[in-house]
Amino acid sequence: MDVHQCVSFMLVSQNRVLLEKRGAERDTDAGMTNIPGGHMESGEEQKDTLMRELMEELQVTPVRSQYLCSLYHPTSELQLIHYYVVTQWQGEITALEAECVEWFDINPDNVTIDADKVALKEYQRLSAHLILK
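How each quantity is defined
Residues numbered from 1 in each chain as written. Predicted model: local features only at pLDDT ≥ 70, side-chain atom pairs only at ≥ 80, totals over all residues. Heavy atoms only, no water. Helix = DSSP H or I, 4+ residues; strand = E, 2+ residues; numbered from the N terminus. Rg over C-alpha atoms; globule rule 2.2 N^0.38 Å. Buried < 20%, exposed > 50% of the residue type's maximum accessible area, 1.4 Å probe, protein only. Contact = heavy atoms within 4.5 Å. Phe/Tyr/Trp six-rings, centres within 6.5 Å; stacked < 30°, edge-to-face > 60°. Core = buried A, V, L, I, M, F, W, Y, C linked by side-chain atoms within 4.5 Å. Salt bridge = Lys/Arg side-chain N within 4 Å of Asp/Glu carboxyl O.

Caption draft 1: Highlighting the overall build of the protein. Broken down by element type, the protein carries 2 helices and 7 strands. Along the protein, helices (α) and strands (β) appear in the sequence β-β-β-β-α-β-β-β-α when read from the amino end. Its C-alpha radius of gyration of 14 Å places the protein within 12% of the 14 Å reference for a compact globule of 133 residues. Taken along its principal axes, the extent of the C-alpha atoms in the protein is 35 × 30 × 30 Å. Counting all 133 residues of the protein, 44% fall into the buried class. Put simply, 67% of the contacts in the protein that link residues at least 6 apart link residues at least 24 apart.

Caption draft 2: Quick peek at the environment of L120. In this structure, L120 sits in helix α2 (residues 114-126). Look at L120 and you get buried, because its relative accessible area is 0%. With residues up to four places along the chain from it excluded, the contact list for L120 reads M10, V17, I35, I106, N107, P108 and V111.

Caption draft 3: Structural view of the packing of aromatic side chains. Across all of its chains, the model carries 2 aromatic pairs by this definition. An angle of 75° between the planes, with centres 5.6 Å apart, marks the rings of Y67 and Y84 as edge-to-face. Linking Y67 in strand β5 (residues 61-74) with Y84 in strand β6 (residues 78-90), this pair joins segments that are 17 residues apart in sequence. Of the residues examined, Y67 reaches a relative accessible area of 33% and is grouped as partly exposed. Plain terms: the ring middles of W89 and W103 are 6.1 Å apart, the flat faces sit at 25° to each other, and that makes the pair stacked. Linking W89 in strand β6 with W103 in strand β7 (residues 100-105), this pair joins segments that are 14 residues apart in sequence.

Caption draft 4: Geometry of the nonpolar core. If you look at the biggest cluster of nonpolar residues, it comprises 20 residues, and the most contacted ones within it are M10, I35, L68, Y83 and Y123. Breaking this core down by element, the ones donating at least two residues are β1 (3-13), β2 (16-21), β5, β6 and α2. It is α2 that contributes the most residues to this core, 4 residues altogether. Residues in contact with L68, not counting those within four places in the same chain, are M10, Y83, Y84, V85, A119, E122, Y123, L126 and L130. Within the second largest apolar cluster, 10 residues are counted, among which are V7, F9, Y84 and V86.

Caption draft 5: Expanded view of the pattern of salt bridges. A complete count under the given rule lists 7 salt bridges for this structure. Of the charged contacts in the structure, one is a salt bridge between K21 and E99, with a shortest N-O distance of 3.9 Å. Of the two residues, K21 sits in strand β2 while E99 sits in the loop between β6 and β7, which places them 78 residues apart along the sequence. The residue R52 makes a salt bridge to E53 at a minimum N-O spacing of 2.9 Å. Just as R52 is buried, E53 falls in that class too. Residues joined in a network through salt bridges with shared partners are E41, E44, R52, E53 and E56.

Laid out in structure tokens, this is it:
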């Protein structure tokens with residue numbers, strides 16, 4: 001089975017995280033609330049995907065970010081999601097691909113996908129120790 005590399009990003013501000021609600025017509029995870037992200041393109045590095053996907057999905061550019069963890073997410077394809085925490089960005093957040101985006105308390109119960117739940121728990125566990133660049 002092919003593994004599809006993805007990058008997801010947790011925009012964090014004032015102990016809240018920006019989550020997306022996926023449209024009902026999406027091929028994977030339709031209608032679910034999750035951490036936004038997208039597939040890596042051939043030859044792309046994780047940081048390149050982070051920059052591109054943030055612009056494509058939210059119309060922002062990360063200023064301060066830090067790698068958090070990588071987790072598998074089995075859906076219609078097997079995804080390996082590389083999670084990043086973004087605490088500073090440029091631009092006004094605009095939902096370009098999701099049905100909507102909203103700020104939520106950082107709580108694993110606010111997302112549908114198991115990998116996202118684990119990533120939020122990992123953020124809670126490590127947040128005091130993250131060194132954001």
